[in-house]
Amino acid sequence: MLWIPGHTVLSIIGFLLGAGIFGVSIWVVLRKESSPFEAGIWGGLAKCAVFQVVMAILMAILVGILGFWGIGLAVIVFLLGMNKVFGADFVESIMIVVVNLALAEGVRRVLLMLV
């Protein structure tokens, strides 16, 4: 999720791009029966976007309140959320994060080439 202060339109585009990258990461890693895209692409993207927003808010609150210890608790909350919402186990959750980071870096490099 990307937020650019003072640029609402760019922030919305960054959010949608981040949600799309997260959705692709989940689509690539998860088994077909536990994929949120089984019911349709828009429903899957909406589920990924809502999850991403909720987790960002929870992580910001935890880190803000608990400081350094909030990072560890935020990781645990993220892994539990991935299991409850998407049915991803620990290894799948880590793989989704790795794929998400790789895709985001690839998109960043492509966008920088266009500038």
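The text that follows walks through the structure, step by step, so that each part is easy to find. Quantities reported herein were computed from a predicted structural model and do not represent experimental measurements. (Residues numbered from 1 in each chain as written. Predicted model: local features only at pLDDT ≥ 70, side-chain atom pairs only at ≥ 80, totals over all residues. Heavy atoms only, no water.)

## Looking at the packing of aromatic side chains
- Taken as a whole and judged by the stated rule, the model has 5 aromatic pairs.
- Arranged with centres 6.0 Å apart and planes meeting at 50°, the rings of F51 and F78 form a pair that is tilted. Within this pair, whereas F51 is found in helix α2 (residues 41-66), its partner F78 is found in helix α3 (residues 68-86), the two being separated by 27 residues in sequence.
- Ring centres 5.6 Å apart and planes at 75° place the aromatic pair F68 and W69 in the edge-to-face group.
- Assessed through its relative accessible area of 68%, W69 is described here as exposed.
- Among the aromatic residues, those joined into a ring-pair cluster are F22, F51, F78 and F86. (Phe/Tyr/Trp six-rings, centres within 6.5 Å; stacked < 30°, edge-to-face > 60°. Helix = DSSP H or I, 4+ residues; strand = E, 2+ residues; numbered from the N terminus. Buried < 20%, exposed > 50% of the residue type's maximum accessible area, 1.4 Å probe, protein only.)

## Concerning the nonpolar core
- Formed by 14 residues in total, the largest nonpolar core has its most connected members in F22, I26, F51, M82, F86 and I96.
- For this core, the secondary structure elements donating two or more residues are α1 (8-29), α2 and α3.
- With 4 residues, α3 is the largest single contributor of residues to this core.
- Among all residues touching F86, those that are not within four sequence positions of it are F22, I26, L30, S34, P36, K47, C48, F51 and G81. (Core = buried A, V, L, I, M, F, W, Y, C linked by side-chain atoms within 4.5 Å. Contact = heavy atoms within 4.5 Å.)

## Examining the environment of I57
- Inspection of the secondary structure puts I57 in helix α2.
- When its relative accessible area of 48% is taken as the criterion, I57 is described as partly exposed.
- Spatially, the C-alpha atom of I57 lies 16 Å from that of K47, the residues being 10 residues apart in sequence.

Any link to function would need more than the numbers given here.
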